[in-house]
Amino acid sequence: MIEEREAATPREVCWRGRGVAFAPLDVDDAELIHGWRSDPVAAHEIGMWPRSLSAVRERVERDRDEHDRDDFLVLLPDGTPIGHIALTDQDMVDGTAEIMLVLDPAHRGRGHGTDAVDALVDLAFGELPMHRVQAVTRTTNTGALGVLAGAGFVQEGVRRSACLHRGRRYDVAVLALLREEWQELTRPRSWDVPVTGR
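Let us look at the structure shown here. Here the structure is a predicted model, which is why all the values come from computation and not from measurement.

## Some details on the pairing of strand β6 (residues 132–138)
Here is step 1 of the chain: Judged by how many residues are buried, β6 sits mostly within the fold: five of seven residues are covered.
Here is step 2 of the chain: Both strand β5 (residues 96–103) and β6 contribute to a ladder of three bridges, which runs parallel. Residue pairing for β6: Thr96 is matched across the bridge by Arg132.
Here is step 3 of the chain: Crossover connection from β5 via helix α5 (residues 112–126) to parallel β6: handedness right-handed.
Here is step 4 of the chain: As paired strands, β6 and strand β8 (residues 168–178) are joined by seven bridges and run antiparallel to one another.

Listed below in structure tokens is the structure:
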């Protein structure tokens, strides 16, 4: 059913990266997000609580009305949705925000995460007045740490024993990318990427 809806309804792209594009998140995307969040690897690595589809739908509806966050569906060039990315806790006065990403299990480990993070920080620094974009993940989440490092994020510290998941305590890494560090990156910016993708 999800595949039929995806094929029948092309998404309106609002931002492009090297190998991905962003479309505004819609309430009907709750089913996709529910599936990605329910993946056992994502649940373990990210520490997500299992939620019902109705709870995910309510959360998406509530988040759409928040003025301090922007949520997007991550799309491949052919329009296939492969993840959810968000710029949350936006503080326009201090110029700070936090990034969140979850990818479809079938599309992890292919560079799409780094492409999506690169595109979102280009939006944060190139179109929004952000000075610092932060990411927080468990120190055992090597996939996320690799994606963030590949996008230029620097680990600033560790919050020891800050996360409880399945009866165990985990340390949490705090990483950030500052505007001047983003400006020094030599990769092409999102607006330099041809519309056809890579």
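Back to the write-up after that little detour.
## Re the sheet that holds strand β2 (residues 21–24)
Here is step 1 of the chain: Ordered by their spatial adjacency, eight strands build an open sheet running β1-β2-β3-β4-β5-β6-β8-β7, and the pairing between neighbours is mixed. In this open sheet, the two strands that pair with only one neighbour each are β1 (15–16) and β7 (154–165).
Here is step 2 of the chain: In this structure, β2 lies alongside strand β3 (residues 70–75), joined through four bridges in antiparallel fashion. Of the residues in β3, the one forming a bridge with Phe22 is Val74.
Here is step 3 of the chain: Docked against the sheet, helix α2 (residues 30–38) engages β3, β4 (81–91) and β5, running at close to 90° with respect to β4.

## Details of the nonpolar core
Here is step 1 of the chain: By size, the foremost hydrophobic cluster in this structure holds 31 residues, and its most contacted members are Phe22, Ile85, Ile99, Leu120, Val121, Val133 and Phe153.
Here is step 2 of the chain: For this core, the secondary structure elements donating two or more residues are β3, β4, β5, α5, β6, α6 (142–150) and β8.
Here is step 3 of the chain: At eight residues, the largest contribution of residues to this core is made by α5.
Here is step 4 of the chain: Beyond its immediate sequence surroundings of up to four residues, Ile99 is in contact with Ile85, Ala86, Val117, Leu120, Val133, Gln134, Ala135 and Phe153.
Here is step 5 of the chain: Listed in part, the twelve residues of the second largest apolar core include Leu25, Ala42, Val56 and Leu75.

## Quick notes on empty space enclosed by the protein
One way to see where empty space is left: roll a probe the size of a water molecule over the atoms.
Here is step 1 of the chain: Tallied over the full model, the rule gives three cavities of 30 Å³ or more.
Here is step 2 of the chain: Of the pockets and cavities examined, the second largest cavity occupies roughly 40 Å³.
Here is step 3 of the chain: When the residues that make up the lining of the second largest cavity are grouped by side-chain class, the tally is three nonpolar, two polar and six charged.

## A look at the pattern of salt bridges
Here is step 1 of the chain: Here the structure, examined in full by the defined rule, presents ten salt bridges.
Here is step 2 of the chain: Across the salt bridge formed by Asp28 and Arg57, the nearest N and O atoms sit 3.7 Å from each other. Of the two residues, Asp28 is situated in the loop between β2 and α2 and Arg57 in helix α4 (residues 53–64); the sequence distance between them amounts to 29 residues.
Here is step 3 of the chain: Relative accessible area serves as the criterion here: at 28%, Arg57 is assigned to the partly exposed category.
Here is step 4 of the chain: We note a salt bridge from Arg187 to Asp118, for which the minimum N-O separation is 3.5 Å. A residue pair is termed long-range when its members are at least 10 positions apart, and Arg187 in the segment after α7 (179–184) and Asp118 in helix α5 qualify at 69 residues.
Here is step 5 of the chain: Since its relative accessible area comes to 3%, Asp118 is described here as buried.

## What about the environment of Phe125?
Here is step 1 of the chain: Tracing the backbone through its elements, the reader meets Phe125 in helix α5.
Here is step 2 of the chain: A residue is classified by how much of its surface remains accessible, and Phe125, at 3% relative accessible area, is buried.
Here is step 3 of the chain: The sequence separation of Phe125 and Arg179 amounts to 54 residues, and the corresponding C-alpha distance is 6.3 Å.
Here is step 4 of the chain: Sequence-distant contacts of Phe125, defined by excluding residues within four places in its chain, comprise Met130, His131, Arg132, Val133, Leu177, Leu178, Arg179 and Trp182.

The rules behind each value
Sequence order as written defines the numbering, with residues in each chain counted from 1. Selection of residues for local features in this predicted model requires a pLDDT of at least 70, selection of side-chain atom pairs for listing and counting requires 80 or more, and totals for whole chains, interfaces and linings are taken over all residues. The side-chain numbers reported here are obtained from all heavy atoms of the structure, hydrogens and water having been left aside. Only protein chains enter the calculation, and the probe is 1.4 Å; a residue is then buried if its accessible area is under 20% of its type maximum, exposed if over 50%, and partly exposed in between. Numbering goes from the N terminus for both helices and strands, where a helix is a DSSP run of H or I of at least four residues and a strand is a run of E of at least two. Any two strands between which DSSP finds at least two bridges are classified as paired. A clockwise path from the first strand over the helix to the second, with the strands pointing away from the viewer, defines a right-handed crossover. Residues are treated as being in contact if the distance between any of their heavy atoms lies within 4.5 Å. Here an axis means a line fitted to C-alpha atoms, over the contact stretch when the element is a helix, while the angle between two N-to-C directions is reported on a 0 to 180 degree scale. Only buried Ala, Val, Leu, Ile, Met, Phe, Trp, Tyr and Cys residues count toward a nonpolar core, and they belong to the same one when joined by side-chain atoms within 4.5 Å. We place a 1 Å grid over just the protein atoms. Points where a 1.4 Å probe fits but has no way out form a cavity, open points with protein on both sides within 12 Å along at least 5 of 7 lines form a pocket, and any residue with an atom within 4 Å of a point lines it. Grid points are joined across faces, edges and corners, and a volume is the space filled by probe spheres set on the points. Here the nonpolar group is Ala, Val, Leu, Ile, Met, Phe, Trp, Tyr, Cys and Pro; Asp, Glu, Lys and Arg are the charged ones; every other residue, Gly included, is treated as polar. We define a salt bridge as a side-chain nitrogen of Lys or Arg found within 4 Å of a carboxyl oxygen belonging to Asp or Glu.

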